[in-house]
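A look at the structure
Single-letter residue listing:
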Amino acid sequence: RMMLPATAVPPPAVAPAHGGAGAQGVVAVTVPVTRSDILHACDVMEDVAIAYSMNKIPAVVPFVASHGSQQPLNQLQELVRNELAAAGYTEALVFALSSAAEAFGAMRLQDDGKTAVVVGNPKTSDFEVCRISLLPGLLKTAASNRKLPLPWRYFEVSDVVLLDPAADVGAKNERRLSAVCCVPGTSGFEQIHGLVDRVMTTFGLSRQAGTLRADEDMPAVAGGTYSLAPSEHVSFMAGRQARVFANRLSAAGEPLGVRSLGYFGVVHPEVLSAFDLPFPGSALELDLEALV
């Protein structure tokens, strides 16, 4: 932490940013359009410190003592990555940008103009929008490796970007888990279902007995458990898909409320055809932030 009075700030340090002395010994600075590198107050302080000379700034003990630690979401991500790798899945790293055709048309989704962040003046048609789902990238990865023998098992844990009027920048990131499975002789639904059960067990959630009703947006799920409900996602086959709900417990053992985590099921044949995949397969996509 740098403690510099306004009188210690030499004129050359303030002049490039058109500054002037403010009230109570505070230096008021107006940033011109030519200084696009100045985004925050710390950028101004950096210029001041360089002009004043870093060697003249006295070293002081920080007023706040803290220790570094991993963010809970990142810690959860690493745990999930290890579990899926142990389950025999290969991790894929896909571009965060995709074409609008892959994000919507290939997945049988309608572009309502309120979901995807559109890139202005994209270099190529492959980078038109920020991805709203991890599944198109994994399906494209599987298609690029379709000459390899079955089974194919790919996963990715990364962010998607969604429009959000409530966010300060008009969009938000969501950390998600997605996996694709293609095995010989079957659609792989039972394997992707087992992967969902394995992930939920990793989070300390047990399966609630029975199946939920399809017409319930937020069904009754007991604390510390997860449950499945029939779904109608257009990217999956009807009757061969499910929606995942969970109700985590707090550190004090109190239920935190029912959250919808995502979907899994057999990928629709039209989606497989759009990505030039010759074999049936199953996939899942879950919201990891709902489990933090």
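Preceding this paragraph is the structure being described.
Okay, so let's go over this structure. Since the structure is predicted, the reported quantities are computational estimates derived from the model, not experimental observations.

1. With respect to the overall build of the protein
Secondary structure summary: the protein contains seven helices and 12 strands in total. Looking at the protein as a whole, 38% of its 292 residues are labelled buried. Contacts in the protein between residues at least 24 apart in sequence constitute 61% of all its contacts with a sequence separation of at least 6. Of the accessible surface of the protein, which amounts to about 16400 Å², a share of 56% is contributed by carbon and sulfur atoms.

2. A closer look at the side chain of Asp287
Topologically, Asp287 is positioned in strand 12 (residues 282-287). For the buried Asp287, no salt bridge is present, and the opposite-charge side chain at shortest range is Arg259, 4.5 Å distant. Only 3.1 Å separates the side chain of Asp287 from the backbone nitrogen of Glu289, close enough to count as a polar contact. Residues within four places of Asp287 in sequence aside, it is in contact with Glu174, Arg175, Arg176, Arg259 and Leu261.

3. Thoughts on the environment of Glu190
Positionally, Glu190 belongs in helix 6 (residues 189-202). The class for Glu190 is partly exposed, based on a relative accessible area of 43%. Each C-alpha atom of the pair Glu190 and Ser282 lies 8.8 Å from the other, and the pair is 92 residues apart in sequence.

4. Overview of the packing of helix 3 (residues 72-86) against helix 6
Describing two packed helices takes the angle between their axes plus the distance from one axis to the other. With their axes 11 Å apart at the nearest point, helix 3 and helix 6 run at an angle of 140° to one another. With respect to each other, helix 3 and helix 6 are oriented oblique. The element helix 3 and its partner helix 6 pack so that their crossing is right-handed. Facing helix 3, whose interface residues are Leu79, Glu83 and Leu84, helix 6 presents Leu195, Arg198, Val199 and Thr202. The residue inventory of the contact of helix 3 with helix 6, partitioned by class, reads four nonpolar, one polar and two charged.

5. Observations concerning the pairing of strand 11 (residues 255-267)
Relative to strand 11, strand 10 (residues 236-249) runs antiparallel, the two being bridged by nine bridges. Across the sheet, residue Gln241 finds its bridge partner in strand 11, namely Gly265. In sequence, strand 10 turns back onto strand 11 through a hairpin of five residues, with Gly253 there showing a positive phi of about 85°.

6. Some points on the packing of aromatic side chains
Counted under the stated rule, the structure contains three aromatic pairs. Seen from their ring centres, Trp152 and Phe279 are 5.5 Å apart, and the 75° between their planes marks the pair as edge-to-face. Highlighted residues: Trp152 in strand 6 (residues 152-163) and Phe279 in the loop between helix 7 (269-274) and strand 12, separated in sequence by 127 residues. Given a relative accessible area of 33%, Phe279 falls into the partly exposed group. We note Lys56 situated over the ring of Tyr52; from NZ or CZ to the ring centre the distance is 5.8 Å. The ring of Phe189 carries the charged tip of Arg240 above its face, separated from the ring centre by 4.7 Å.

About the thresholds
Residues numbered from 1 in each chain as written. Predicted model: local features only at pLDDT ≥ 70, side-chain atom pairs only at ≥ 80, totals over all residues. Heavy atoms only, no water. Helix = DSSP H or I, 4+ residues; strand = E, 2+ residues; numbered from the N terminus. Buried < 20%, exposed > 50% of the residue type's maximum accessible area, 1.4 Å probe, protein only. Contact = heavy atoms within 4.5 Å. Areas by Shrake-Rupley, 256 points an atom, 1.4 Å probe, with all protein chains shown as cover. Lys, Arg positive; Asp, Glu negative; His and termini not counted. Salt bridge = Lys/Arg side-chain N within 4 Å of Asp/Glu carboxyl O. Polar contact = N/O pair within 3.5 Å; in protein donor to acceptor, adjacent residues only side chain to side chain. Axes fitted to C-alpha atoms, helices over the stretch in contact; angles between N-to-C directions. Parallel < 35°, antiparallel > 145°, perpendicular 65-115°, else oblique. Left-handed = near helix turned anticlockwise from the far one by under 90°. Nonpolar A, V, L, I, M, F, W, Y, C, P; charged D, E, K, R; others polar. Pairing = 2+ DSSP bridges. Phe/Tyr/Trp six-rings, centres within 6.5 Å; stacked < 30°, edge-to-face > 60°. Lys NZ or Arg CZ within 6 Å of the ring centre and 35° of its normal.

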